[in-house]
Structure formats: structure tokens, C-alpha cells
Amino acid sequence: VNVGPNALFYLYSLQNQHLISMILKSICIRHNIHSNVLINTISLYVATIRNNHHLLLDGEHCENNTFGMYLMDNKQHVDNFTSIDHSKPNCLSNEHFKGVMDGEATAAFAGRIYVRRDAQKTLAYQSNNNLLLSDDAQINTKPQLIIDADDVKCSHGATVGQMDEDALFYLRARGIDEKEARQMLMFAFAHEIIEKIRVEPLKDRIDALVDTRLRGEISKCNTCALACKN
């Protein structure tokens, strides 16, 4: 995708297939001056998936927002790779991926931000947060910054943890049963990514899918005719 000067480009990807599906998705985007791009990739149900994002900020005063959320259980695997290349000055990139892992699911996140020598005044932020619900779930995360310029503001980080017991206790102390309290915390964790969607009907639809998925009430896409077994 070549995003022209002053153009806006939004891309939403919802992956909700079945447990025998394998997906390889790649997107390459080139920013021109004053362009604005938002990408949001939601992975709910699949056997194995690889999402590649190659983003080049090739004009001044560009803004890139790249978000992702994945919910995996059983023996599902999701792999997210991002490369954000700042080649011109005065640009902003904001990257945030979150995952909820259960069962024997595995995930990988590799995010690289490259700030070239001429890309002064760059603002770049990167974060990957993960919630593990079982002892067998695994996540390998590798945020990375490569900075050749000297007048920039960049940060990156990653977290891997379990359910916040203090927050769980707070909800249960107010009469909410444990199952519903856990559901509320998981949904709040995931919703931070969903709320970035700028199309309200789509946001509402994905909210409902995520809530159902977290409750464990679906084992396949609602519109899938294959009726695959777990």
C-alpha cells in the first residue's frame, strides 16, 4: 500500500477461522508526507498464524499506529512480526500488541523499530503485554530498537504475567463471583486494543466476539460450515 501525501488509511483484520486453518498474512505500507495510517489485527481463532507488518515512514510528519490483539488456547500458535522504519524526520509511530494465552497455546512477538540517521525528532513507542492463564501457555517476546539518530524520543517494553489477584479480590469483595470477575478482567485487558477501532459498528461486533471467545462459548467461527472438532 502506497499512502499518498495527506492521506488517511485504516486497515482492520479479523482472524476467526477454525482449528485446521493456517494463515500467513503480510502487509507492506509506505508513508508519504503528512500521511496517517492505523492498523489493527485481531486474532481470535486459528491453528497457526503469522502476521507480518513492514512499515516505511518515508515522508515528514507521518503518523503510524499499529495495534494487535490475540486470544489463543488449545494448541494454537500466533506469531506477530513488525518492522517500522523511520527514514524521515518529525514522524510518530505507536505500536501496541496484547495477548491472552490459555491451554497449551504458544505465541511469539518480534517488533523492530529502526530510526535512520536523518530521522531526527522521531517519536516511537512500542509495547507488548501478555496474560498467561495456564502453566503450559508460552509467549516469546522480543521488542527491539535500532537508533542511528541522536535527537529522538523512543521507548519499548514487554510484560508477561498472570491474572492480577488484587484486582480479582477487589471484584469478588463486591459480590461478583470468581468466574465473572476473571471474565471482566480479561475483557478489560483486551479492550484496550479494540477501543482503537474507529468504526463503531465494527468495534461493537468485535467486542461481542471477544467477549464470547473469552467465555469459551465458541470453538469455531459462527459462519464456518466445517464444524471442526477441538
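Higher on the page you've got the structure.
Attention here is on the structure that accompanies the text. (Residues numbered from 1 in each chain as written. Predicted model: local features only at pLDDT ≥ 70, side-chain atom pairs only at ≥ 80, totals over all residues. Heavy atoms only, no water.)

Another point: helix α3 (residues 200–214). Its 15 residues place the ends of α3 21 Å apart at the C-alpha level, agreeing with the 21 Å of an ideal helix rising 1.5 Å per residue. What α3 keeps buried is the set Lys203, Ile206, Asp207, Leu209, Val210, Arg213 and Leu214. Buried residues belonging to α3 abut β2 (8–16), β4 (36–45), β6 (63–72), β8 (92–101) and α2 (178–194). (Helix = DSSP H or I, 4+ residues; strand = E, 2+ residues; numbered from the N terminus. Expected span 1.5 Å × (residues − 1). Buried < 20%, exposed > 50% of the residue type's maximum accessible area, 1.4 Å probe, protein only. Contact = heavy atoms within 4.5 Å.)

Further remarks concern the state of the cysteines. Every disulfide links exactly two cysteines, by a covalent bond between their sulfur atoms. Under the defined criterion, the tally for this structure stands at 0 disulfides. No disulfide involves Cys154; its sulfur sits 12 Å from that of Cys91, the nearest cysteine. (Disulfide = S-S within 2.5 Å.)

Let's shift gears to the pattern of salt bridges. In total, this model carries 8 salt bridges according to the counting rule given. A salt bridge links Asp58 to Arg30; the nearest nitrogen and oxygen atoms lie 3.0 Å apart. You can see Asp58 sitting in the loop between β5 (48–57) and β6 and its partner Arg30 sitting in strand β3 (residues 22–31), a full 28 residues away along the chain. Residue class for Arg30 comes out partly exposed when judged on its relative accessible area of 32%. Beyond isolated ion pairs, a larger network of salt bridges with shared partners links Arg30, Asp58 and Lys88. (Salt bridge = Lys/Arg side-chain N within 4 Å of Asp/Glu carboxyl O.)

The next thing to look at is the environment of His77. Here His77 shows up in strand β7 (residues 77–86). Considering only alpha carbons, one finds His77 and Ala107, 30 residues apart in sequence, at a separation of 5.4 Å. With residues near it in sequence (within four places) discarded, His77 still touches Ala47, Thr48, Ile49, Met72, Thr106, Ala107 and Ala108.

Attention shifts here to unusual backbone geometry. Its identity as a non-glycine residue notwithstanding, His34 has a phi of 60°, on the positive side. Within the fold, His34 resides in the loop between β3 and β4. The phi angle at Asn74 is positive, at roughly 50°, despite the residue not being glycine. Locating Asn74 in the fold gives a position in the loop between β6 and β7. The exposure class of Asn74 is partly exposed, given its relative accessible area of 30%.

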